[in-house]
Each structure stands twice: as C-alpha cells, then as structure tokens.
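Summary of structural features
What follows is the residue order along each chain.
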Amino acid sequence: VRRPDLCSSTPTQVLGSLRTTTPACTLNVPSEANYTEQLPAGLGARLQETGVSTPPWRGRPTSTLEKKKRKPHLMEEDEPSGALLKPLVFRVDETTPAVVQSVLLERGWNKFDEQEQNAEDWNLYWRTSSFRMTEHINVKPWQQLNHHPGTTKLTRKDCLAKHLKHMRRMYGTSLYQFIPLTFVMPNDYTKFVAEYFQERQMLGTKRSYWICKPAELSRGRGILIFSDFKDFIVDDMYIVQKYISNPLLIGRYKCDLRIYVCVTGFKPLTIYVYQEGLVRFATEKFDLSNLQNNYAHLTNSSINKSGASYEKIKEVIGHGCKWTLSRFFSYLRSWDVDDLLLWKKIHRMVILTILAIAPSVPFAANCFELFGFDILIDDSLKPWLLEVNCSPALTLDCSTDVLKRKLVHDIIDLIYLNGLRNEGREASNATHRNSNINAAKSDRGGLDAHDCLPYESLSFTSRMYNKDDSVVEKAVSVHPKAAPASQLEGEMSGQEDFHLSTKEMAQSKPKIRSRHTPHKTLMPYASLFQSHSCKTKTSPRVLSDHGKAPDPQAGNFVLVFPFNEATLGASRNGLNVKRIIQELQKLMNKQHS
C-alpha cells in the first residue's frame, strides 16, 4: 500500500524509513538514515518486517468520527509518518474456538467490534461453519477466511468415497489401497448385499466385520459395527465399510491418528502437513466378541472421555485417552519400526486424497483450510484413511491438547508470513495500479529444508525491489510471542501427562512386522527443489510460470506438495493430475528400490 511519506522519496530514503525496532525482533536494513517507528507487539509488526505494507485499516479506529471518515484502503494525508501502526484485527462468531481467540490476542491482535468498526475493518475471519460463496467473492485483499469453498467433497464421507473410487478407477488400485472397501447407501445397497454373502460363503464359519457410518455426522455419532446381516439397518445416507479388525494395539487398546493438514491454496495446489498431532485411544481393551462396546472400538475423544475407564491408569497408555504424535512415533521406534517410512506413506495418502477433489474446487483467493485426517494403522503398519474432518476440534480437554495452541500459532505464521507477504503486496498493486512505486516483492532463500526451523526463530531472507530494480538483501528474524509450554500445561488443572517409560513399553509389545532403519529427521518434500525468485506480477495465490516455490516449512508445518519441480509445474495454470500421479509413482518406486 502506498505510503505518502515514501511516494516522493529516493530509494535510500525509502530503505531508511523502513528501519524498524520492536522489543521482540529487529530489522536491520543498511541505510544512511536512522528512522525509528514503534510498532505494536504481535503479527502486525512482524508483517511490516517481512516487507508487507500494513494498511491503516488493519486495526481499530481511534474514534467513531475517524471510522466514518477513513476509507479502508486509503491513508490519511495528514497522518504523520511516525504514527503508531495499528494491530491486525480478527473476527469471530459464536462457533470460533476459544483457543484461536486466545492465541490471536496473545500475538497482539485486536478483536473485531462491529459496533465501533466498519464492516470491512478486519483481517482474519475464523469460524467453524463454512462461508457462503458470496462471502468469498466479496472478500477484500487485506482479509483472510479460514475455509475454502468446495471442500465438503472431501469431508462428507459419502462424497469422499465417491471421489476416491473415481480416482482408483482412473489411475489404478495400487495407489488408492489406503481406503477400506466402501459402499454408499442407499445407492450401493444391492452391491453390498452381494459382497456380504459372497464373502460369507468364502469364509465359511469365520466372521467378517463391517462398520456403518452416517454420511454427515461426526464425533462417532450414529456408528454401528456388525457382523451378522440381520443387525444391519439403514434409514438415511450412510456409508458401509469393511471394518479393520486387525488394528495396531498398544497395551491391547485400539488407537488412531489425527493428522493436521493445511491447504493454503488449490490453484496452485499447496499442501502442508503438521509434524505433531494427536493419537486417540479407546479406553477399554479391544474385543471383537463384543461389537456393541463403543469404548473398545471407537477412538473418538468425545465418546471415551465419558467412559468409566477414562480416569484410570491404563496399561502402557496411562491416564486419559490421548498421546501426542511424537510420543507415538517414539514408542514405535523403541520396537524397531521404521517411522520415517510410515510418515512417507501418510504424506502420500494426504496428497492422493486431496488430489481427488482439487480439480473441481472453485478458485477463491485469500482463504485456507485446516483438515483433520483420521488415520488407523493396522498390525502390519499399513495406514488406512478413515475420514477427513473440516474444522477439527480445537478444544483443550486435557494436557495433551496443549499442542493445539502451538498449532494455531503455526497456522498464523504459515498464512501471514508465507502467504500474506505476497498476497498483500499483489493486492496493493491491484488497488494502486497508477502508483509511482512498485509494491515490494519478497523471496524466501537460504533455508535448508533438512533443518527443522525452531518455532521461536523462523528466519528467512527477503528481497526488495525499487523502481530501478536494484536489490537490497535483508535478513529477518521473527519471534512469535508464545507462552511457554510449562505455563500452558499449568492451565490444564487436574490433568497429568504420563511419559512413556521403558518399563511401560516392555509390558506390551505391539504386533508389528517391520524393520527399523536408523532414525532420521523427517525431510520436507520441498527439499527436492530450490526456491526461485520472481519479478513478474501475479495474482494472489496464483504463481506465474516464473513464480517461486512455496516455503518448505513454517513452525511444525512441512510442505508435502508440490514435492519437486515437475509437480510444481503441474500445479500451475490448471492441475495436471496425470503428471502428478506419474511423479508420485516414480517417488514410490524410488522408495521401494
């Protein structure tokens, strides 16, 4: 956004005016001037450091009169150049998770007040329910929505099954073997009946197991597990799947994984996977002789936290019904499991699942989507996709859930440090096409994707272009203002975190068939190719042919797609699914060799 105090300045004066100092982080730009401007703590200041112009509409107007006079996209001409820039503003409704509001306030954001501010005077709207298409169409360049249109094709169980079935038919069953045999009711009723009795005839006296799930419900509601056909009753839109009767058991308890996936754009497709997550346990021991016991067969926390065994100290599992993902993988490594190979399988599953709907998702700028992938691991260490959730639960029910605070912090870093740096810049170009100064452009460089970037210091190098195309390199360090984990855990009164001990692990060895290779740090797929700088103007979230690759990592988010130059090219100017599938097959063949 054009600043009046910079419009007639020389390049040296421009760079001098950008020298900014805050208590949390410092930007040092070579300059002959010593221009200091106090910024508020929080992300608004950090965006200034990354090169994004923070418009005056980002923040609460100081008075009702000022609110009426000020237009959201203009700077008042008489505003002094050293004026205090206002914090970013988030908007909520009654469904917005409390942890999201808490994290944003902690980062220095202001909460939107519709009584005091203009209707467009906000930067991020986060809510549980989806947005109408008109809301996406009318979103302003400085605003972000936490949902992308068209993603119900992924999060409705019946739609997911249909799309994955189509992909399996188009590209072969070898790639799409991660979803159990599925029938969509009532359309597939006759097919299911034929399959059921054919299998029963083949198995003889051996029982087969099926699970019936409502297409639209979540949190384990309405689920039925059965073996005898007479117990099967369908009166609505359901899916019927082959029940995984050989799950990986820990201490004889069934579990599944909640993997967090953030799609920052579908055009081009950009997918990040969070390297921390939840492992959710059933609270009673697995028993196929009693299929009606939901506490033994369902891992939904909303069900198990009301069970009689929830508060008990369970074998290996300990108290409650959750582990962190890192604790789970540590447990697997103790039994010589190749956890890195399992991670690669999960990443590939995520990419293939999202590819099933990506070509049909409508374009929408300035939005992102956080998914919760529920994945079950069987006793041969094969991952199975159970379902995909929109708006995964962000409630803090136990001490393990504290990781969700870090998750929200990292989402904000991912969206606003990696996305808005470019989007805000390009939106400014669209608003001020006749500006005498080109909007700043930035480029991530110097990152080694082999190194996990610490949350407290997400560093990158950006470039600034003036109208003479001269380049000044600047190093930026961003220090998100996050509360210590010990402090956050202290907030969870009455909860204990039981750490896995060698004694616990010895009590219950999982039934697994896999050899362990020396543990390595998980490498982002993005390390397979280098970032490219770009001097070509592009639309928000749309890379040109010379656009740079997405950032490989932000906090615990790791880029898994695009994973090389070929898939980067195949995701621009339309999605070349066939080419992407070919690259995935090459990657699989390379891993198996």
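Criteria and thresholds
Residues numbered from 1 in each chain as written. Predicted model: local features only at pLDDT ≥ 70, side-chain atom pairs only at ≥ 80, totals over all residues. Heavy atoms only, no water. Phe/Tyr/Trp six-rings, centres within 6.5 Å; stacked < 30°, edge-to-face > 60°. Lys NZ or Arg CZ within 6 Å of the ring centre and 35° of its normal. Core = buried A, V, L, I, M, F, W, Y, C linked by side-chain atoms within 4.5 Å. Buried < 20%, exposed > 50% of the residue type's maximum accessible area, 1.4 Å probe, protein only. Helix = DSSP H or I, 4+ residues; strand = E, 2+ residues; numbered from the N terminus. Contact = heavy atoms within 4.5 Å. pLDDT = per-residue confidence, 0-100. Pairing = 2+ DSSP bridges. Axes fitted to C-alpha atoms, helices over the stretch in contact; angles between N-to-C directions. Salt bridge = Lys/Arg side-chain N within 4 Å of Asp/Glu carboxyl O. Parallel < 35°, antiparallel > 145°, perpendicular 65-115°, else oblique. Expected span 1.5 Å × (residues − 1).

- The name given to the chain in an unreviewed UniProt entry is Tubulin tyrosine ligase like 2, with Piliocolobus tephrosceles as the source organism.

Let's talk about the packing of aromatic side chains
- This structure, assessed with the given rule, holds 25 aromatic pairs.
- An aromatic cluster is built from F183, Y189, F192, Y196, F197, W210, F226, F229 and F232, whose rings are joined through pairwise contacts.
- Sitting over the face of the ring of Y125, R127 holds its NZ or CZ atom 5.2 Å from the ring centroid.
- K382 extends its terminal NZ or CZ atom over the ring of W384, reaching a point 3.9 Å from the ring centre.

Let's talk about the nonpolar core
- With 61 residues, the main nonpolar core has I259, F328, I354 and F373 as its most contacted residues.
- Counting residues per element, this core draws most heavily on helix α13 (residues 339-355), at 9 residues.
- Non-local contacts of I259, meaning those with residues more than four positions away in its chain, are made with V273, L325, W343, I346, F371, G372, F373 and I375.
- Grouped together as the second largest cluster of nonpolar side chains are 29 residues, V100, L104, Y274 and L407 included.

Let's talk about the confidence of the model for the chain
- Looking at the chain, pLDDT values average 73 and 63% of them are 70 or higher.
- When the criterion is pLDDT under 50, residues 1-43 qualifies, and its contacts beyond four places in sequence or with other chains add up to 91 contacts.
- Across residues 419-507, where pLDDT falls below 50, the model places 204 contacts with residues more than four positions away in sequence or in other chains.

With respect to the pairing of strand β10 (residues 238-242)
- In terms of residue burial, β10 counts as a mostly covered element, since 4 of its 5 residues are buried.
- Pairing analysis gives 4 bridges linking strand β7 (residues 182-185) to β10, with the strands arranged antiparallel. Bridge assignment links M185 to a residue of β10, and that residue is Y238.
- Relative to β10, strand β8 (residues 210-214) runs antiparallel, the two being bridged by 5 bridges. Looking at β10, one finds that C212 is bridged to V240.

Let's talk about the sheet that holds strand β4 (residues 110-111)
- Pairing is parallel in the open sheet, where 4 strands are placed in the order β4-β3-β5-β6. Since the sheet does not close on itself, it has two edges, and those belong to β4 and β6 (144-145), each with one partner.
- As judged from the 2 bridges shared by strand β5 (residues 124-125) and β6, these two strands associate in the parallel manner. Note that in β6 the partner of L124 across the bridge is Q144.
- Together, β3 (89-91), β4 and β5 form the strand contacts of helix α5 (residues 98-106), whose direction differs from that of β3 by roughly 170 degrees.

Section: the sheet that holds β8
- One open sheet holds the 4 strands; their spatial order is β7-β10-β8-β9, and the pairing between them is antiparallel. With partners counted over all chains shown, the strands left at the sheet margins are β7 and β9 (224-226), one partner each. Here the strands of the sheet are splayed against their neighbours by 20 degrees on average, with no regard to which way each runs.
- Its contacts with the sheet put helix α8 (residues 157-171) on β7, β8 and β10, and the angle it makes with β7 is roughly 130 degrees.

Overview of the side chain of T270
- Here T270 shows up in strand β13 (residues 269-274).
- Sequence-distant contacts of T270, that is, excluding residues within four places in its chain, are made with C262, V263, T264, G265, P550, L559 and F561.

So, the pattern of salt bridges
- Throughout the structure, instances matching the rule amount to 19 salt bridges.
- One salt bridge in this structure joins D158 and R156, with 2.6 Å as the shortest N-O distance.
- Connected through shared salt-bridge partners, D256, R258, R280 and D374 make up one network.

A few points about the packing of helix α12 (residues 325-334) against α13
- Packing of α12 against α13 leaves a shortest axis separation of 10 Å and a crossing angle of 130 degrees. Relative to α13, the element α12 lies oblique. Taken together, the residues of α13 that come into contact with α12 (itself represented by L325, F329, L332 and R333) are D339, L342 and W343.

Section: the environment of S174
- The topology assignment puts S174 in the loop between α8 and β7.
- A residue is classified by how much of its surface remains accessible, and S174, at 48% relative accessible area, is partly exposed.
- As for S174 and Q585, which are separated by 411 residues in sequence, their C-alpha atoms are 9.6 Å apart.

Looking at unusual backbone geometry
- Residue P268 is bonded to the preceding K267 through a cis peptide linkage, with omega at 0 degrees.
- Relative to the helices and strands, P268 resides in the loop between β12 (253-266) and β13.
- The residue after F561, namely P562, is reached through a cis peptide bond having omega 0 degrees.
- Along the chain, P562 falls in the loop between β21 (557-561) and α18 (565-570).
- Of note, N366 is a non-glycine position whose phi angle comes to about 60 degrees, a positive value.
- For N366, a relative accessible area of 4% gives the class buried.

Points about α8
- In a regular helix each residue adds 1.5 Å, so 15 residues correspond to 21 Å; α8 covers 21 Å between its end C-alpha atoms and thus fits that length.
- By the burial criterion, the buried members of α8 are K157, D158, L160, A161, L164 and M167.
- Looking one or two places after α8, you find G172, whose phi comes out positive at around 100 degrees.

Notes on the environment of E387
- With respect to the element layout, E387 can be found in strand β17 (residues 383-390).
- Taking the C-alpha atoms as reference points, E387 and D374, separated by 13 residues in sequence, lie 5.5 Å from one another.
- With residues near it in sequence (within four places) discarded, E387 still touches K157, L160, K213, G372, F373 and D374.

With respect to the side chain of T155
- Tracing the backbone shows T155 in helix α7 (residues 152-155).
- Every residue in contact with T155, bar those within four places of it in the chain, is listed here: F371, V388, N389 and C390.

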